[in-house]
Amino acid sequence: MKRVLVLTGGGDCPGLNAVIRAIVKRASQEKDWEVVGSIQAFNGVLWEPTEIKILDSKAVKGIHYQGGTIIETTNKGGPFAWPVKNNDGTWSSVDRSDEMIRKLQFMGIDAVINIGGDGSQKISQLLYEKGLNIIGVPKTIDNDLSATDSTFGYQTAVEIATDAVDKLVTTAASHNRVFAMEVMGRYAGWIAMNAAVAGGADVCLIPEIPYDIHKVLEKVQSRFVKDRGFAVMVVSEGARPKNGKMSFTKNEEVGYENLKLGGISSQVLKELKEAGCNADMRNVMLGHLQRGGIPIAYDRVLAAQFGVKAFEMVLNKEFGRMVSYQHPEITSVLLKEAIGRPNLVTLDNALVKTCQGLGISLGI
Ligand code: F6P
């Protein structure tokens, strides 16, 4: 029996379970393959005792519409930076990658499918360079990977954010208020821009286009006539003022290396007030609601396509590569070419022009 190990790494994302199910369904058509899952990314392999779950048809039954991941995930640590506690109570990290590869051989693992974002695929590439038979499946709600046209989970996040804009419009209009709704996306403004266009927002602030608060104020004020009116702003968590910084807090969680972005929506309201806005204002942070719940049909389909393709790449021994959607094909790219190339909004993007055509202020 040959064995493929599947794992999910990084932040969870609607559609992960649909990928896992598709891998298992495709593998079950081959007589000699078994699928196993490592719990919490590579932790399941690295822990003593190991935590590995058999992924058979029963284990994945009906999970294609479930949010989250049945094999759990983590965005901390990993085989190259395993956290260890020092005698003085501080933490440092050690490289356990060689030990892990030996363990995988001992466990009879013939191939690994790593479902994750840029950080996870960097780990895939390093493991591939050490000789591991590994394939990447791209995953992120942020749509910030340039090696694939799209990732599952992103459209679901946009849908959730749009629904929130729709809801805020009614309460904002009823109270003659200004709302700043903060959405995820890290350094990419895709979720914000799509939700702003789909929800009919007045202002959209994104990381790629630092804003001038006076331009934002101009737009907000234009929405009021003699104190009556309302405005809804969609603010990406990575947005920042011209000559200013992103809003973030230091994350004390052991092994967490990313910046914990958040807080820009309340900062924008503070700046608006200082600039002379006297409307009632509220901010809303959508946060992890954007990652929870069921994936929309589009994401389930893309996830299923990625899962089937990933297993077929295992059969064809196409290691060191990442599944990629290049419309209309589900194909693959070299992992080393896929990583570290972020997909960010550029000023000449069609969606920027659409925003401008609709009169959505980008704060410029
Ligand atoms: O990359 C996905 C994402 O949801 C980002 O949009 C967000 O900044 C980050 O992860 C949040 O991470 P965490 O789950 O660690 O708070």
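Definitions and cut-offs
Residues numbered from 1 in each chain as written. Predicted model: local features only at pLDDT ≥ 70, side-chain atom pairs only at ≥ 80, totals over all residues. Heavy atoms only, no water. Core = buried A, V, L, I, M, F, W, Y, C linked by side-chain atoms within 4.5 Å. Buried < 20%, exposed > 50% of the residue type's maximum accessible area, 1.4 Å probe, protein only. Domains from an automatic or database assignment. Contact = heavy atoms within 4.5 Å. Near = heavy atom within 4 Å. Polar contact = N/O pair within 3.5 Å; in protein donor to acceptor, adjacent residues only side chain to side chain. Areas by Shrake-Rupley, 256 points an atom, 1.4 Å probe, with all protein chains shown as cover. Nonpolar A, V, L, I, M, F, W, Y, C, P; charged D, E, K, R; others polar. Phe/Tyr/Trp six-rings, centres within 6.5 Å; stacked < 30°, edge-to-face > 60°. Helix = DSSP H or I, 4+ residues; strand = E, 2+ residues; numbered from the N terminus. Lys NZ or Arg CZ within 6 Å of the ring centre and 35° of its normal. Pairing = 2+ DSSP bridges. Right-handed = clockwise from strand over helix to strand, strands pointing away. Axes fitted to C-alpha atoms, helices over the stretch in contact; angles between N-to-C directions. Parallel < 35°, antiparallel > 145°, perpendicular 65-115°, else oblique. Buried area = accessible area lost by both parts, 1.4 Å probe. Salt bridge = Lys/Arg side-chain N within 4 Å of Asp/Glu carboxyl O.

Visitor: Explain the nonpolar core residue by residue, including any values.
Guide: Ranked by size, the top nonpolar core spans 68 residues in total, and within it Val6, Ile113, Ile115, Val137, Phe152, Met181 and Met193 carry the most contacts. Lining this core are residues from two domains, each supplying at least three of them: domain 1 (2–152 + 295–327) and domain 2 (158–291 + 346–358). Excluding its chain neighbours within four sequence positions, the residues that come into contact with Val137 are Val19, Ile113, Asn114, Ile115, Gly116, Gln121, Phe152, Phe306, Ala310, Met322 and Val323. In terms of nonpolar packing, the next biggest core, distinct from the first, is built from 21 residues, Leu205, Val268, Leu269 and Cys277 among them.

Visitor: Break down the site of the ligand for me, with residues and values.
Guide: The local shell around the ligand consists of Asn75, Ile141, Asp142, Met184, Gly185, Arg186, Glu237, Tyr256, His288 and Arg291. Between the ligand and Arg186 there is a distance of 3.1 Å, counted from an oxygen atom to a side-chain nitrogen or oxygen. Glu237 is positioned such that a nitrogen or oxygen atom in its side chain is 2.6 Å from an oxygen atom of the ligand. Within the complex, the protein chains bury 82% of what would otherwise be the 400 Å² of accessible surface of the ligand. A per-class count over the shell around the ligand returns 3 nonpolar, 3 polar and 4 charged. Counting residues domain by domain, the shell around the ligand receives three or more from each of domain 1 (2–152 + 295–327) and domain 2 (158–291 + 346–358).

Visitor: For the packing of aromatic side chains, give the residues involved together with the corresponding values.
Guide: Applying the stated criterion across every chain, the model contains 2 aromatic pairs. Pairing Phe152 with Phe306 gives two aromatic rings, centres 6.0 Å apart and planes at 75 degrees, and the pair type is edge-to-face. Of this pair, Phe152 sits in the loop between strand E7 (134–138) and helix H5 (154–175) while Phe306 is found in helix H9 (residues 297–315), placing the two residues 154 residues apart along the sequence. Taken individually, Phe152 and Phe306 each receive the classification buried, so the pair is uniform in this respect. Its guanidinium or amino end placed over the ring of Trp82, Arg96 lies 4.7 Å from that ring's centre, counting from NZ or CZ. Above the face of the Phe230 ring, Arg223 is positioned so that its terminal group lies 5.1 Å from the ring centre.

Visitor: Which residues make up the pairing of strand E2 (residues 33–38), and what values do they have?
Guide: Extensive coverage of E2 is indicated by the burial of 5 of its 6 residues. Relative to E2, strand E1 (residues 2–8) runs parallel, the two sharing 5 bridges. Bridge pairing in E2 links Leu5 to Val36. In this region the chain leaves E1, passes through helix H1 (residues 16–27) and returns to the parallel neighbour E2; the handedness of that crossover is right-handed. When E2 meets strand E3 (residues 52–54), the two strands line up antiparallel, connected through 3 bridges. Residue pairing in the sheet places Val36 in a bridge with Ile54 of E3.

Visitor: Quick one: what's the story with the packing of helix H7 (residues 213–222) against helix H8 (residues 264–274), residue by residue and with numbers?
Guide: Helix-helix packing: each pair is described by the crossing angle between the helix axes and the interaxial distance. Interaxial distance between H7 and H8 falls to 10 Å at its minimum, and their mutual angle equals 80 degrees. Judged by the inter-axis angle, H7 sits roughly perpendicular to H8. Residues Ile213, Val216, Leu217 and Val220 of H7 form the contact with H8, whose own contacting residues are Val268, Glu271 and Leu272.

Visitor: Describe the domain arrangement of the protein, with residues and values.
Guide: Examined at the domain level, the protein breaks down into domain 1 (2–152 + 295–327) and domain 2 (158–291 + 346–358). In this structure, domain 1 and domain 2 have C-alpha centres spaced 33 Å apart. On the side of domain 2, 14 residues touch domain 1, which itself brings 14 residues to the contact. For the pair domain 1 and domain 2, the summed buried area comes to about 1200 Å², and 58% of that belongs to carbon and sulfur atoms. Looking only at domain 1, the three residues that lose the most surface to domain 2 are Lys76, Ile141 and Asp142, adding up to 41% of its buried area. The closest approach of N and O atoms between Asp12 and Arg291, which form a salt bridge, is 2.8 Å. At the junction of domain 1 and domain 2, the tally comes to 4 residue pairs in polar contact (both at pLDDT 80 or more).

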